[in-house]
Amino acid sequence: MKTDEILAPRRFTASKNKLKVYLSARLGILLLLLLPPLSPAQQESLQLSDLQSIPIDSAIVGLGKAINKMTGENDTAIKKELWKILGRAKENKEPLLLAKVYKELANWHYLSISSENKDSIYFYDNKALQEFLKTKDKELISKAYRTVGFDLDFMQRYAEAEVHYFKGLEMAQANKDQKTINAIHASLSNLYANTKDYTSALKYSKMVVAAYEKEQNTHPLIRAFLGQSHIYLNTDMPNEALNAVNKAMALVPNLPEEYQKSEILNVRAWRAQAYRDLRRYDEALADFEFSWKGMREKYGDEMANGWKGGIGSILYLQGKYAEAIPYLKDYVAHFREKKVHSPEELKKHYLWLAESYKALDRPDLAYTYLAEGKDIAINALNEETQALKSELRVKYETEQKDETISSQSELIAQQQKNQLLSYLAGALLVVILGGLFYAFNKNKKKNKQLENLNKNLAVSNAQLDKRHKENELLLKEIHHRVKNNLELVSSLLQLQSAQIEDPSVQAAMRSSQNRVHSMGIIHQKLYQNEHLTSIEMRDYFVNLGDNIRNSFDAHGKIKIDCDMPELVLDVDTAISVGLITNELMTNAFKYAFKGKEKGNIQVNLTRQGPNNDNFVLYFSDDGIGKAIDAPLQGTGFGTQLIDLLTKQLNGTISYQVENGTKVSLVFGKPAIS
């Protein structure tokens, strides 16, 4: 379950293709109450092809219904009709009609599977707001301000969202529109929760709860209690969170019967989160399973996978790692490559999944999921930090600009009206001094906010550094285990080889042992180095050569020269280059120096090209060489492996037999700088 399911103020919809459950109907939909209603017969028989032949108000109503029922198949057709209706509205030149069409264009982008573009949603909602402002209708304008505020909040433009919310709130209060006041208070609570100002979030949440309790407005009150629970969970107050959810639970029987079943699924899922934080795992598991099974019955297995994460988290916390893994895998797979509105929750599930695999001694899979979770955590923190910095800067600059404009306007008006009355100069001076004193106090408050923000950022950075160090330790442990496992395989091959008398089989076993060892060196370097994702190749070639020379007992006979600068490659490229070098060295030790007492091998890797974006692996020996048309020696597997790895690198390889064998491999995979 996503956190924003109880907070977002968009239109309610639940389709086969997109499961979205929201706090309340999007404010803009209230505009449709002003339009002439369609008759039941019209509602059943109206087709998109009919819209251009009916009054524009009725056409907008029909399009609104069609947008709310989009399945993905008719999205494009509906958008084309919207553009036609927009043309009619522009010809009409009536601001209210234009505003309604722009509102439906925003709805289309919000609900269409092919769009969901935040910028487009904001663009059309803001166009609608500008048209509403021309109508002077305070009720419609206040609701439009709230909708645009939500769009800006969704885009993490928090300072601008806050300005729009308060403009709408001021207008709604002047109009005594309590319904819109409550809705904006709920939006402000959500905004402050997004910016981690939980004190302000809780203040507005309590105002919303009090208003809905007074009105006995059951459904919004349930959602308000769930929003309050969300705030308490984020401030380590699980008992208060559970109390808020229980209040919501007690209200569910008061809902109309057709809403009770779906609402209880949502409420119990939130209660399970409170139980989880209280370590009441059996009760949490029962609630999570109840909600998941209900969602599966209603929407099918695929859509319900997004509700499996809670079950997996409890099984993990109970130490039932094997049972937890399938639920956690389905959960993270469900959200992979999708828009994530709650990265904090998703990254926790990746960590639980990685640690479950680690507990079951599966370091390879633990590494995979830990890396994915780490990327989500870093991206989320970067976005959050950038948004908070941007918020403070924009908010400060906006307020400073508004104050300056206001002061200048007052001064000009005063000069025009009172330029002949010198005694007002003293009063004007007092006003200016008062304004300066007010600005000084306000700037002082802003500086305090900036200091607090810097402290919060410092704490967040410290937490990220701590988690980063923990992740590095886990990665090093994984590479260490992989290296030990490869050494075990190499030892087993050596033991098996000792039991075999056939020289050709022994040679094949020794080649396999060298291949395994070449990969083991990679992982040894990874856990010994500071960098966990790259390999320095000169030192790697030296270690590889020493190992192969030992396996052929050729010390003092064959000299290996790695005359090259330090050069770093990523792990995948290093493994492929290492295996190719292993095969070339092994073949040289086997065949190049027959009948010779001593020999030399040269290996180096260099950059090439105008931008140093290509690499050349050069290998040579001064052995007896090999005729081009001579038959292959051995099984030929090594040659096949070299060709396969060359293709994997998107490279080309060439051989030259002259005073020994010379091999050049050119490839373009970029190195890590």
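Predicted model, so just to flag it, every value in this text is computed and none were measured.

This part is about the overall build of the chain. When helices and strands are tallied, the chain shows 23 helices and 9 strands. The 673 residues of the chain split such that 46% are buried.

The next subject is the side chain of Asn182. Looking at the element boundaries, Asn182 is found in helix 8 (residues 178–194). With a relative accessible area of 2%, Asn182 lands in the buried category.

Attention now goes to the pattern of salt bridges. Tallying each qualifying case throughout the model produces 14 salt bridges. Close ionic contact of Arg268 with Asp287 constitutes a salt bridge, the shortest N to O distance being 2.6 Å. Of the two residues, Arg268 is situated in helix 12 (residues 257–277) and Asp287 in helix 13 (residues 281–299); the sequence distance between them amounts to 19 residues. Judged on exposure class, the residue Arg268 and its partner Asp287 are both buried. Arg549 serves as the salt-bridge partner of Asp546, at 2.7 Å between the closest nitrogen and oxygen. Residue Asp546 and its partner Arg549 are located together in helix 21 (residues 537–551), separated by 3 residues, close to a single helical turn. By relative accessible area, which is 31% here, Asp546 ends up partly exposed. Members of the salt-bridge network, linked through shared partners, are Arg268, Arg271 and Asp287.

On the surface, a cluster of nonpolar side chains totalling about 320 Å² of accessible area is made up of Leu488, Leu492 and Leu495. Within the secondary structure, Leu495 sits in helix 19 (residues 424–498).

In this section: the pairing of strand 8 (residues 652–657). Looking at chain direction, strand 8 and strand 9 (residues 661–667) are connected through 6 bridges and run antiparallel. Looking across to strand 9, one finds that Gln656 is bridged to Lys662. Joining the antiparallel neighbours strand 8 and strand 9 is a turn of 3 residues, in which Asn659 adopts a positive phi near 55°.

Turning our eyes to something else, we now look at the confidence of the model for the chain. Low-pLDDT portions of the prediction should not be read for the details of their coordinates. Here the chain shows a mean pLDDT of 78. Residues at 70 or above account for 76%. Ranking the helices and strands of the chain by mean pLDDT puts helix 11 (residues 238–251) first, with 95, and strand 1 (residues 13–14) last, with 35. Confidence over residues 1–46 falls short of pLDDT 50; this stretch has 125 contacts with residues more than four positions distant or in other chains. Of the regions scoring below 50 in pLDDT, residues 393–399 engages in 9 contacts with residues more than four places distant in sequence or in other chains.

Before going further, it helps to examine the packing of aromatic side chains. Counted under the stated rule, the structure contains 13 aromatic pairs. Measuring from centroid to centroid gives 5.8 Å for Tyr192 and Tyr204, while their planes differ by 25°, and the two rings are stacked. A residue pair is termed long-range when its members are at least 10 positions apart, and Tyr192 in helix 8 and Tyr204 in helix 9 (residues 198–215) qualify at 12 residues. Exposure class is identical for Tyr192 and Tyr204. Each is buried.

By size, the foremost hydrophobic cluster in this structure holds 108 residues, and its most contacted members are Ile222 and Val267. For this core, the element with the most residues is helix 4 (residues 95–111), which contributes 10 residues. Apart from residues lying up to four places away in sequence, Ile222 is in contact with Ala248, Leu251, Val252, Leu255, Glu263 and Val267. Grouped together as the second largest cluster of nonpolar side chains are 40 residues, Val571, Leu579, Ala588 and Ile601 included.

The next thing to look at is the side chain of Thr573. Mapped onto the fold, Thr573 is located in helix 22 (residues 571–592). Overall, Thr573 belongs to the buried group, its relative accessible area being 1%.

Before going further, it helps to examine helix 11. The terminal C-alpha atoms of helix 11, which comprises 14 residues, lie 20 Å apart, in line with the 20 Å expected from a rise of 1.5 Å per residue. For helix 11, every residue scored as buried is listed here: Pro238, Ala241, Leu242, Ala244, Val245, Ala248, Met249 and Leu251. Residues of helix 11 that are buried sit in contact with helix 10 (218–234) and helix 12.

Turning our attention to the packing of helix 11 against helix 12. Look at helix 11 against helix 12: their axes get within 9 Å of each other, and the N-to-C directions meet at 160°. As far as their axial angle goes, helix 12 and helix 11 are roughly antiparallel. The interaxial crossing formed by helix 11 with helix 12 has left-handed handedness. Residue-level inspection shows Pro238, Ala241, Leu242, Val245, Asn246, Ala248 and Met249 of helix 11 in contact with helix 12, the latter providing Ile264, Val267, Arg268, Trp270, Arg271, Ala274, Tyr275 and Asp277.

Packing of helix 4 against helix 5 (residues 118–135) brings their axes to within 8 Å, and their N-to-C directions diverge by 165°. Our classification of the angle between helix 4 and helix 5 gives roughly antiparallel. Crossing geometry of helix 4 relative to helix 5 is assigned as left-handed. Of helix 5, the residues touching helix 4 (which contributes Pro95, Leu96, Leu98, Ala99, Tyr102, Lys103, Leu105, Ala106, His109 and Tyr110) are Ser120, Ile121, Tyr124, Asp125, Lys127, Ala128, Glu131, Phe132, Lys134 and Thr135. Taken together, the residues that form the contact of helix 4 with helix 5 break down as 12 nonpolar, 3 polar and 5 charged.

Basis of the calculations
Residues numbered from 1 in each chain as written. Predicted model: local features only at pLDDT ≥ 70, side-chain atom pairs only at ≥ 80, totals over all residues. Heavy atoms only, no water. Helix = DSSP H or I, 4+ residues; strand = E, 2+ residues; numbered from the N terminus. Buried < 20%, exposed > 50% of the residue type's maximum accessible area, 1.4 Å probe, protein only. Salt bridge = Lys/Arg side-chain N within 4 Å of Asp/Glu carboxyl O. Patch = residues over 30% accessible without salt bridge, like charges linked within 9 Å, V, L, I, M, F, W, Y side chains within 5 Å. Areas by Shrake-Rupley, 256 points an atom, 1.4 Å probe, with all protein chains shown as cover. Pairing = 2+ DSSP bridges. pLDDT = per-residue confidence, 0-100. Contact = heavy atoms within 4.5 Å. Phe/Tyr/Trp six-rings, centres within 6.5 Å; stacked < 30°, edge-to-face > 60°. Core = buried A, V, L, I, M, F, W, Y, C linked by side-chain atoms within 4.5 Å. Expected span 1.5 Å × (residues − 1). Axes fitted to C-alpha atoms, helices over the stretch in contact; angles between N-to-C directions. Parallel < 35°, antiparallel > 145°, perpendicular 65-115°, else oblique. Left-handed = near helix turned anticlockwise from the far one by under 90°. Nonpolar A, V, L, I, M, F, W, Y, C, P; charged D, E, K, R; others polar.

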